[in-house]
Amino acid sequence: NDLQRVASSYPHLKCFQEFHAVIDLVLLSRHIFPNKPKYSLNSLSKLCQFLERKDLDKSEQCSTWHLRPLTDAQIEYAALDA
């Protein structure tokens, strides 16, 4: 999952080695909808489409995150994709 990728990318940073109060929505959705194929709910985007009938806008995913300040669109994307 994403948290494991972050932790493995930054093993020298203790803040990424221990997480508290985190809910993995993909695992939760598999528990709630056990008869759905695993691939059908394997991302936040697919889960939003299934539950809310709305697309999660991913247009900011590959934007220039290294530049500061972040744009309002980047901040909104980060909040929705968290």
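Before reading on, note that the structure itself is shown above.
In this text, all values refer to a predicted model and were calculated from it rather than measured experimentally.

Definitions and cut-offs
- Every chain is numbered on its own, with residues counted from 1 as its sequence reads.
- Per-residue local features are limited, in this predicted model, to residues with pLDDT of at least 70; the limit for side-chain atom pairs, both in listing and counting, is 80 or more; totals at the level of whole chains, interfaces and linings are taken over all residues.
- Computation of side-chain values: all heavy atoms of the structure, hydrogens and water removed.
- Per the convention used, a helix needs a DSSP run of H or I reaching at least four residues, while a strand needs a run of E reaching at least two, with both numbered from the N terminus.
- For the radius of gyration, the atom set is restricted to C-alpha positions; the globular benchmark scales as 2.2 Å times the number of residues to the power 0.38.
- Buried residues are those whose accessible area, probed at 1.4 Å on protein chains only, stays under 20% of the maximum for their type, while exposed residues exceed 50% and partly exposed ones sit between those limits.
- Throughout, a residue-residue contact means that at least one pair of heavy atoms, one from each residue, lies within 4.5 Å.
- His is not counted, nor are the chain ends; Lys and Arg add positive charge and Asp and Glu add negative charge.
- Where a charge sits is defined by one atom per residue type, namely NZ (Lys), CZ (Arg), CG (Asp) or CD (Glu).
- A pair of Phe, Tyr and Trp rings is counted when the ring centres sit within 6.5 Å of each other, with Trp represented by its six-membered ring. The angle between the planes then sorts it: under 30 degrees is stacked, over 60 is edge-to-face, the rest tilted.

Engineer: Looking at this structure, how should I read the overall build of the chain?
Structural biologist: When you go through the chain residue by residue, the secondary structure sums to four helices and zero strands. Secondary structure elements of the chain occur, N-terminal to C-terminal, as α-α-α-α. For 82 residues, the compact-globule formula gives about 12 Å, and the C-alpha radius of gyration of the chain, at 15 Å, lies well above that figure. With respect to the principal axes defined by its C-alpha atoms, the chain has extents near 45 × 30 × 20 Å. Every one of the 82 residues in the chain was classed for burial, and the buried ones make up 13%. Restricting to contacts in the chain with at least 6 residues of sequence separation, those with at least 24 account for 10%. For the chain, the centre of its 10 positive side-chain charges and the centre of its 10 negative side-chain charges are spaced 9 Å apart.

Engineer: Explain unusual backbone geometry to me, please; I cannot follow it from the model alone.
Structural biologist: Note: most residues except glycine have negative phi, and most peptide bonds are trans. Of note, the bond from Arg 68 into Pro 69 is cis; its omega dihedral lies within 30 degrees of zero at 0°. Assignment of secondary structure puts Pro 69 in the loop between helix H3 (44–52) and helix H4 (72–81). If you check the backbone angles, Arg 53 has positive phi at about 60° while not being a glycine. Secondary-structure assignment places Arg 53 in the loop between H3 and H4.

Engineer: For this particular structure, what's the right way to read the packing of aromatic side chains?
Structural biologist: Following the criterion strictly, the structure yields three aromatic pairs and no others. With 5.7 Å between their ring centres and 40° between their planes, Tyr 10 and Phe 16 make a pair best called tilted. Judged by its relative accessible area of 41%, Tyr 10 falls in the partly exposed class. You can call Phe 16 partly exposed: its relative accessible area is 26%.

Engineer: Is there a simple way to think about the environment of Asp 57 in this case?
Structural biologist: Within the fold, Asp 57 resides in the loop between H3 and H4. Using a relative accessible area of 53% as the deciding quantity, one classes Asp 57 as exposed.

Engineer: Just to check I follow, could you spell out the environment of Leu 44 for this structure?
Structural biologist: Along the chain, Leu 44 turns up in helix H3. Along the sequence, Leu 44 and Asp 24 sit 20 residues apart, while their C-alpha atoms lie 9.8 Å from each other. Residues in contact with Leu 44, not counting those within four places in the same chain, are Leu 25, Leu 56, Leu 80, Asp 81 and Ala 82.

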